[in-house]
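Examination of the molecular architecture
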Amino acid sequence: MYFPTAGIECHPLVPFAAALGISFVTSMGGISGAFLLLPFHMSVLGYVNPSVSSTNQFFNVLACPSGVWRYWREGRMLWPLAFTVALGTLPGVFLGAVIRLTLLPDPARFRIFAGLVLLYMGGRMARLLWRERGRKPAPKPAGDLSCCHVLAWNSRVLEFAFQEVRYSVSTRKLALLSLAVGLVGGAYGIGGGAIMAPFLVACFGLPVHVVAGATLLATWLTSLAGVGFYSLLAPFYPHLAVAPDWRMGLLVGLGGLCGVYLGARCQKHVPALALKVLLAAVLLFTALRYLGQGV
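Computed from a predicted model, the values in this text were never measured in an experiment. (Residues numbered from 1 in each chain as written. Predicted model: local features only at pLDDT ≥ 70, side-chain atom pairs only at ≥ 80, totals over all residues. Heavy atoms only, no water.)

1. Things to note about the packing of helix 4 (residues 79–102) against helix 6 (residues 171–188)
Packed helices, taken two at a time, are described by the angle their axes make and the gap between the axes. Counted only if it meets this: Structural elements are reduced to axes, namely lines fitted to C-alpha atoms, with helices fitted over the stretch in contact, and the angle between N-to-C directions of any two is expressed from 0 to 180 degrees. Only DSSP runs of H or I covering at least 4 residues are called helices, and only runs of E covering at least 2 are called strands; the numbering of each starts at the N terminus. Note: crossing handedness is left-handed where the near helix turns anticlockwise from the far helix by less than a right angle, and right-handed where it turns clockwise. Classification convention: Asp, Glu, Lys, Arg as charged; Ala, Val, Leu, Ile, Met, Phe, Trp, Tyr, Cys, Pro as nonpolar; all other residues, Gly among them, as polar.
Where helix 4 meets helix 6, the closest approach of the two axes is 6 Å, and the angle between their N-to-C directions is 35 degrees. Relative to helix 6, the crossing made by helix 4 is right-handed. A breakdown of the residues in the contact of helix 4 with helix 6 according to their chemical character gives 12 nonpolar, 9 polar and 1 charged.

2. Topic: the nonpolar core
The criterion, for reference: What is meant by a nonpolar core is a set of buried Ala, Val, Leu, Ile, Met, Phe, Trp, Tyr and Cys residues, joined one to another through side-chain atoms within 4.5 Å. We call a residue buried when its accessible area falls under 20% of the maximum for its residue type, exposed when it is over 50%, and partly exposed in between, using a 1.4 Å probe and counting protein chains only.
Counting residues in each nonpolar core, the largest one holds 79 residues, and the members touching the most others are Phe35, Leu81, Phe160, Tyr188 and Ile195. Counting 7 residues, the second-largest nonpolar core is a separate cluster that includes Leu101, Ala234, Tyr237 and Val242.

3. Structural notes on helix 2 (residues 34–45)
Across the 12 residues of helix 2, 10 count as buried, placing the element largely inside the fold. Residues Ala34, Phe35, Leu36, Leu37, Leu38, Pro39, Phe40, His41, Met42 and Leu45 constitute the buried set of helix 2. With its phi angle positive at about 80 degrees, Gly46 sits one or two positions after the end of helix 2.

4. Brief notes about the packing of aromatic side chains
Think of a pair of aromatic rings as described by two things: how far the centres are apart, and how the planes are tilted against each other in angle. For clarity, the cut-off: Pairing of aromatic side chains here covers Phe, Tyr and the six-membered ring of Trp, requires ring centres within 6.5 Å, and sorts the geometry by plane angle: under 30 degrees stacked, over 60 edge-to-face, intermediate tilted.
Taken as a whole and judged by the stated rule, the model has 5 aromatic pairs. Plain terms: the ring middles of Trp79 and Phe83 are 6.0 Å apart, the flat faces sit at 25 degrees to each other, and that makes the pair stacked. You can see Trp79 and its partner Phe83 sitting in helix 4, 4 residues apart, about one turn around the helix. Relative accessible area serves as the criterion here: at 34%, Trp79 is assigned to the partly exposed category. On the numbers, 5.3 Å between centres and 20 degrees between planes, the contact of Phe160 with Tyr167 is stacked. The exposure class of Phe160 is buried, given its relative accessible area of 1%.

5. Considerations on the UniProt feature "transmembrane region" (unreviewed entry) in the protein
Applied cut-off: UniProt positions are given in the numbering used here, feature names are shortened, and annotations may be inferred rather than shown by experiment.
The UniProt entry lists residues 12–38, 78–99, 111–130, 174–202, 208–234, 246–264 and 270–291 under the feature "transmembrane region" (unreviewed entry), expressed in the numbering used here. Helix and strand shares over residues 111–130 are 100% and 0% respectively, and the end C-alpha atoms of the span are 28 Å apart.

6. A word on the sheet that holds strand 4 (residues 157–162)
Cut-off, in case you're wondering: For two strands to count as paired, DSSP must find a minimum of two bridges between them.
Ordered in space as 3-4-5, the 3 strands form an open sheet in which the pairing is antiparallel. Single-partner strands in this sheet number two, and they are strand 3 (148–153) and strand 5 (165–170). Averaged over neighbouring strand pairs, the angle between their axes works out to 20 degrees when direction is ignored. By the bridge criterion, 5 bridges tie strand 3 to strand 4 in an arrangement that is antiparallel. Considered in strand 4, the bridge of Trp153 is made with Leu158.

Pasting the structure below:
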């Protein structure tokens, strides 16, 4: 099958299967899988023009709702966290899209940018795991995880209780971090969830079993806005392929839809430590691969 905007040709089952497998694994950590799907597009399929970022965000638009629905059904959706992250991320997504088209249209330069972003994320997560070495691992979640209760949510603080533990995070710090994450995510084409989930776990100490649903919902909202913004910008950059490749986006989106749902359903059976190791490993591996290709 030929994909006109991407300018490539491949069997339609290849992107579908790749998206399903990637999103199944990463969605357990609150990540849609777009940050790993982008290297697959660029390195395996040869899809390197700027529209790969908007196609990646279109993947999020189709893939995330199944996981969001699953987390909501199980009572593990922390709505205040999701909306705070989304509202902070949206302005950055728009600015990030402009940066992608004006400063990072070259594939080699974009690989270096992406590699540095992922290296920082993976390093933060690895540092958290190093600090936790020697501690008695938390038991695998068992039984009903529908015990996330919001205690306070205002312009200063977000407080909630999960499995008899109380958590508190500054709303302002969360919004500022979301703005920076949105800028990077808008340029990368991931909506910000892949960056936000490790930060919430590593920097704010929030439980990954609660963070996952909120970051998926925020990713869906910001990706929806990102796809629309890239489409609006396309006429102003006639020399570049900017708008999503809808055919490719549909295939990977359907694969992601299945993978995210299955990952969200299986997540409660996986220990939190295993999810953190998974996030750190895939982030560091992808970062080193990108930097190796870009330098």
